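Working through the structure, step by step
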Amino acid sequence: MKRRIFLLLTLALLASFVLAACGGAAEPTAAPAAAPAAEEPTMAAEEPTMAAEEPTMAAEEPTEEAMAEEPMEDHGDMTSVGASAEGAASVGLTCLADAYNGQMQGTVVSMNGPFTDEDQVKFESSVKAFEDATGIDIQYEGSKEFEASIGVRFEAGDAPDIVDFPQPGLMATFARQGKIVPATDLVPDSWLSQNYLQSWRDMGTVDGTEYGLWQRFNAKSLVWYPKKAFEAAGYEVPTTWEELQTLQDQIVSDGDTPWCVGIESGAATGWPATDWTEEFMLRTTSLDNYDAWVAGELPFSSPEVKNAIETFANIWNDDAMVYGGTPAIVTTFFGDSPTPMFEDPPGCWLHKQGNFITSFFPEGSTYGEDYGVFYLPGVDPEYGSPFLVAGDVMAATEDRPEVCAVMQYFSTGEGIRGWLAAGGALGMQKDVQLDWYGSQLEADIAALVADATSVRFDGSDLMPGAVGSGSFWKGMTDYFSGAADLDTVLAEIDASWPQQ
Amino acid sequence: MTAQTATKKKRRISWGAIFVNVVLVLVVLAWSIPTFGLLVSSFRSRFDIQTSGWWTIFPHQEWVTVAEFTPGEEVDRDGVMTFEGVSGTFEELRAGIKDGSTQVIWIGNKRIGKVVVQQKEWTAGNHDFTLENYQTVLGGKTFQIQQPDGSTLTVQGDNFVNAFLNSLIVSIPATVIPILIAAFAAYGFAWMRFPGRKVLFIIVVALLVVPLQIALVPILKLYVGLDLNGTFLGIWLAHTGFGLPLATYLLFNYISTLPREILESAFIDGASHFTIFMRLVLPLSVPALASFAIFQFLWVWNDYLIALIFIGSKPDVQVLTQRIAEMVGSRGNDWQVLTAGAFISMLVPLIVFFSLQRFFVRGLMAGSVKG
Amino acid sequence: MEQITEPTEHRPVGDQEVKSRGPLDWLVTNAARILISLFVPIVTFIGLYAGFIFLRDSSAPKGVVAVVAIIWGVGGVAALYLVSNWLVEKLNDEWRAKIQPFVFVGPAVAILFVYLLYPTVATLRLSLFDRNGEIFVGLQNYIEIFTNRSMFVAFRNNILLWIPFGALFTVVLGLLIAVLADRSKYERTAKALIFMPMAISMVGAAVIWNMIYDTNPNIGMLNWLYTGITGNDPVAWTASNQPWNNLFLVVVMIWLQTGFAMVLFSAAIKGIPSDITEAARVDGATEVQVFFRIMIPYIRGTIITVTTTVVIFTLKIFDVVQVMTGGQFDTQVIATQFYREYFTTRNSGLATAIAIVLLITVIPVMIYNLKQFGETEAF
């Protein structure tokens, strides 16, 4: 009796093994696919940025309308549309309205993303109200090896319902394989154009189809300084490139090193240098050149790129300008690099990094007292004051109603509101209100972004992964570690651009 | 040690013992320095770790401030300055002007700097040790989340207990199962003759070199088909598959060198292969089994990627390595928890090592040859 | 109890003997062999699977689930070996001799085929295709590997730096420590301390070694010593003086892996019958002679095994480099290049070709092992 059952089970399983093996064998063609940008996962850190295929980031538009956090008059006193069935229905978000009407009780939406720990808690608490109101359970799973694991999961057919991509380039890879449901299938086009700048929408578009839905961004062109000591020393916040240079020289002649720079980041070592390159590309040449460079049309070895790098390399290669001297740059963990700024007296006075860096500042240090922030001034007035940003894009792999509802929710300012209150994120949805920001810091940063004359997206994340998270990082590291001269490095980066 | 030999020989042996122990102590010391540094660091705050070396907890000579004052506006910072009877330029003062066991040093820049008189004194380091790193890993973090309505929500992060149990659930079967399967296979390759023996064995050894990353996609695909993804069974089998080449190879090496006479005499006594394997080979192979068990356990315990792919990292299933990695934060901002995390997650492998180490005993073979 | 009359009859049937029978018999024999190979894994799998569905759906406390899961998993595998052996031993002598080896090696081989061999074959196929695995490109990827400067550096690091230094020191130090510890009263403590780095997770190890190599002499111990002793400027150990910076990563690997070699050598040394070494000592052999004339020959097999394993580890070395430098500063090795191409650049053709090259580099090691294998004599 028992043996017969065994036999039956054995046969059944044999069959399923064979089937599975055949099914498996048929597919690996679709394996590691297309081009672009995945970051090397690292133990310690990842570049908190992202990429897009279409580097047509907004902001030739006048600034007032350019950035999302600018409160829109017509939303002035209105309750946010993402918070209720009526609000959602009024702008055509039908899935969301259905969800608020309780039609999706007990459903589950799985999500994957690269953020963990505090960010995960902030995210989960920010969707809590939505989950309570709709009965949809959003199960978020964050991991430190996101790029590797999401690739494996997509290829094995085990993708979650919604993926939070820190780089649109990575999303584009899966979009081209037909594994992503276009955002426009889930969220009405009219609402998207109402609530997003076209340039954001363009960045979520791959080969003419809009797949990604932007949820939050972070600002890069920021310089941090130890406010109390800074004021005690009588220094003033520079508003022009000349003032910044005067300040640097002043700090040097006062006997200190102005800058704290560190680009070590495990496998991603070098990425802060790519940010600096982008900042100075924006400040020393035209936006068209920037876009051409990001698209691979303007080579790294061109005088424009070389000039941009040399502009900041003048600082980096000067031992008197950098805390610990030039050799320390490549071996200092980017997150640890601002620490000397908080010593008493400060070991350095300036640190350029995105707004996320505050999570690395010593515990208990407060904005407005221990540290302040200013905009990295433009170099050439001709190019105005450009701003460098990065962000996170959501992509759905399923079109079930509850997935649709969650995506629609993310397309509203309400979807990011809790996170804005908790701090650490900026929203680009037009219905985001400035007073939603829970901290003065983020409100100030949002204002700085709004003052910019142009906004551009992190270039290295827009480039193919082989360059943007490969040879570009490595090249900058090689150059600043003294392993190769700039011309060699730039030629090598150009050579690594994949020919498609 | 046989001590009942001549005095001359005794002395030679004891000299030998001293030599052995001295060399051993040196090697062990060298080996322990990094571990010790990590241990010390695990009791320090991130700021301390980043600003002073862990070795400063040992008694050493350090400049200790005995007096400090802020020079007034009237002091010409670009000329030669005199403080406490010591004069020098800013650069000289900044580097510190030494006079015997005292030095006068300028700390900070010309604007907000101060002049400090220091004396070199012995100190064991005035360090603040903290249990915070351990508390964070063991008890989970506490997050204060500001809500849109202005209130503050306190969220207690997961503690390590659940992740710890998950690690045990993953590691124990993922250690025992491959050993069992590999032991049978090793015996088969060593002592049984069958067609394909050579080819299969060489495949096993060759698979040692396969980077397991290439197997992730095909296996996960298979699991999705069988609805095995996210189950402990799936990850046990994955670890079994990835650990088998080494297990088979190591155990083969050991089992194949067992004295042929023992097995022959057992056959003469009428034992079957299975009996010989269970009664004779397994007990004799205990040292090899124990050593492989230690390694396999370690790898599984410290694995991150395989667990992430096959069971994911949701709080109910995540293993200890994932828990600790997550605590470091999205961008690695809390890397100091890794120090305490390393020691907490090390405990179980060490227990395994100590408990299995007692199987490395002499004389197993000697007894059995005679018997 | 069965009666086996003569040991000679127990000799396994050689290949020729099997082939001399008819094709039908050959077919049946092999079918039976394959079936029995699959029997244990599959029945185990079903049993475990059923148990797990049950466990997954149960709401028992975590601790209880843990214990049940462990007993279920381990016990299940053990029980099924017992059952399949019991079945095989019911057969007549001839069939048992044909089938029984497959009860022993079958499950392992079956699992390896599914988990490693099949992925490897798929990899081989993909390595002949383009970056998306769509267009057949022949050996293009292999040509790329051998003409790319970055790959060249990776090969140089792996073959000229990691294997000679890393593998050699790991094996020699492991053996030395095992022998010394065996003669010492403090054996357990010493071995535990050498072993400890293995137990530290790679990320923990990276924290401390990054601290040791830190450029700031106030944090980096090596620079603290170096600047203190020589008065020179601090050195970025893992970044400058290429290619010798690789050796600082090799040191980390030696620190981590010596415990592995030591444990295996220690187990082997314990297996040397003490009467042999004692007899030699009584005969006046010096310790050095005992070591070279008795111990080394006795544990030769283990030395080969450990060396093979460590060489393969070193060829596959990944974690240390990835975590410490990410392959920057010309410290890349074959496995980090593979990882980069596979997960970052997403060039499946090139990545899989690198994996295949890795497999090919190990062929010399395998030929040597095959020779050793040929010397063993089965029943």
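Residues numbered from 1 in each chain as written. Chains lettered and ligands numbered in written order. Predicted model: local features only at pLDDT ≥ 70, side-chain atom pairs only at ≥ 80, totals over all residues. Heavy atoms only, no water.

Another point: the confidence of the model for chain B. All names here are of chain B. Confidence along chain B averages 84 in pLDDT terms, with 93% of residues attaining 70 or more. When the criterion is pLDDT under 50, residues 1–10 qualifies, and its contacts beyond four places in sequence or with other chains add up to 7 contacts. In this model residues 366–371 is a low-confidence stretch, pLDDT under 50, and it forms 6 contacts with partners more than four residues away in sequence or in other chains. Scoring of the predicted complex yields 0.84 for pTM and 0.85 for ipTM. (pLDDT = per-residue confidence, 0-100. Contact = heavy atoms within 4.5 Å.)

Our next topic: the side chain of N109 of chain B. As for its placement among the helices and strands, N109 of chain B is situated in the loop between β5 (102–107) and β6 (114–123). Note on N109 of chain B: relative accessible area 0%, which makes it buried. For N109 of chain B, the side chain forms a polar contact with the side chain of Y235 of chain A, separated by 3.1 Å. For N109 of chain B, the side chain forms a polar contact with the side chain of D256 of chain A, separated by 3.4 Å. Not counting the four nearest positions on each side in its chain, N109 of chain B is found in contact with Y235, D254, D256 and W349 of chain A together with F90 and R94 of chain B. (Helix = DSSP H or I, 4+ residues; strand = E, 2+ residues; numbered from the N terminus. Buried < 20%, exposed > 50% of the residue type's maximum accessible area, 1.4 Å probe, protein only. Polar contact = N/O pair within 3.5 Å; in protein donor to acceptor, adjacent residues only side chain to side chain.)

Turning our eyes to something else, we now look at the environment of W106 of chain B. Residue and element names in this part refer to chain B. Looking at where W106 falls in the secondary structure, it is placed in strand β5. For W106, the residues in contact, after removing those within four places along its chain, are P71, R77, M81, F83, F90, L93, R94, G113, K114 and V115. A polar contact of 3.4 Å, which involves the side chain of W106, links it to the backbone oxygen of G108.

Residues and elements named next belong to chain A. With mixed pairing, the 4 strands of this open sheet are ordered in space as β8-β9-β7-β10. Of all the strands in the sheet, the pair left with one neighbour each is β8 (257–259) and β10 (372–375). Each strand of the sheet is rotated relative to its neighbour by a mean of 25 degrees, with strand direction disregarded. Direction of pairing for strand β7 (residues 222–225) relative to strand β9 (residues 348–352): antiparallel, over a ladder of 2 bridges. Counterpart to V223 in the pairing with β9 is K352. The strands touched by helix α12 (residues 241–253) within the sheet are β8, β9 and β10, with β8 carrying the most contacts at an inclination of about 145 degrees. (Pairing = 2+ DSSP bridges. Axes fitted to C-alpha atoms, helices over the stretch in contact; angles between N-to-C directions.)

We now examine the interface of chain C and chain B. With 124 residues of chain C in contact, the opposing surface of chain B contributes 128 residues. Across the interface of chain C and chain B, roughly 11700 Å² is buried in total on both sides, 77% from carbon and sulfur atoms. Counting across the chain C and chain B interface gives 0 salt bridges. For the pair chain C and chain B, the number of links is 12 residue pairs in polar contact (both at pLDDT 80 or more). (Buried area = accessible area lost by both parts, 1.4 Å probe. Salt bridge = Lys/Arg side-chain N within 4 Å of Asp/Glu carboxyl O.)

Our next topic: the nonpolar core. F165 of chain A together with Y187, F189 and F310 of chain B are the most contacted members of the largest nonpolar core, which has 383 residues in total. In contact with F310 of chain B, other than residues within four places in its own chain, are L216, I219, L220, Y223, N229, G230, T231, I235, A238 and F242 of chain B. Among the nonpolar cores identified, the runner-up in size contains 11 residues, and V75, F83, V104 and V117 of chain B belong to it. (Core = buried A, V, L, I, M, F, W, Y, C linked by side-chain atoms within 4.5 Å.)

Here we take up the domain arrangement of chain B. Residues and elements named next belong to chain B. Here chain B is described as being made up of domain 1 (7–48), domain 2 (60–123) and domain 3 (161–370). A separation of 30 Å is found between the C-alpha centroids of domain 1 and domain 3. Taken together, the contact pairs 6 residues of domain 1 with 8 residues of domain 3. With both chains or domains summed, domain 1 and domain 3 bury close to 600 Å², and 77% of this area falls on carbon and sulfur atoms. (Domains from an automatic or database assignment.)

Bringing the sheet that holds strand β4 (residues 97–99) of chain B into the picture now. Sheet strands line up and pair through hydrogen bonds in the backbone, either parallel or antiparallel. All names here are of chain B. Reading across the sheet, the 4 strands line up as β1-β6-β5-β4 and stay open at both edges, with antiparallel pairing between neighbours. Each end of this open sheet is capped by a strand with a single partner; those strands are β1 (60–69) and β4. Averaged over all neighbouring strand pairs, the angle between strand axes comes to 30 degrees, with direction disregarded. Here β4 pairs with β5 via 3 bridges, running antiparallel.

Moving on to helix α14 (residues 337–357) of chain B. Residues and elements named next belong to chain B. The terminal C-alpha atoms of α14, which comprises 21 residues, lie 30 Å apart, in line with the 30 Å expected from a rise of 1.5 Å per residue. The sharpest bend along α14 measures roughly 35 degrees and falls at L347, with the proline P349 sitting one to four residues further on. Of all 21 residues that make up α14, 17 are buried, and the element is covered over most of its length. (Expected span 1.5 Å × (residues − 1). Bend = angle between axes of the 7 residues up to and from the residue.)

Turning our eyes to something else, we now look at the state of the cysteines. All names here are of chain A. Evaluated as defined, the whole model comprises 2 disulfides over all chains. Covalent S-S linkage joins C95 and C404, the inter-sulfur distance amounting to 1.9 Å. Between C95 and C404, the S-S torsion sits near 85 degrees, and that sign places the bridge as right-handed. Of the two residues, C95 sits in helix α4 (residues 94–100) while C404 sits in helix α17 (residues 401–410), which places them 309 residues apart along the sequence. Here C95 matches C404 in class, with each residue buried. (Disulfide = S-S within 2.5 Å.)

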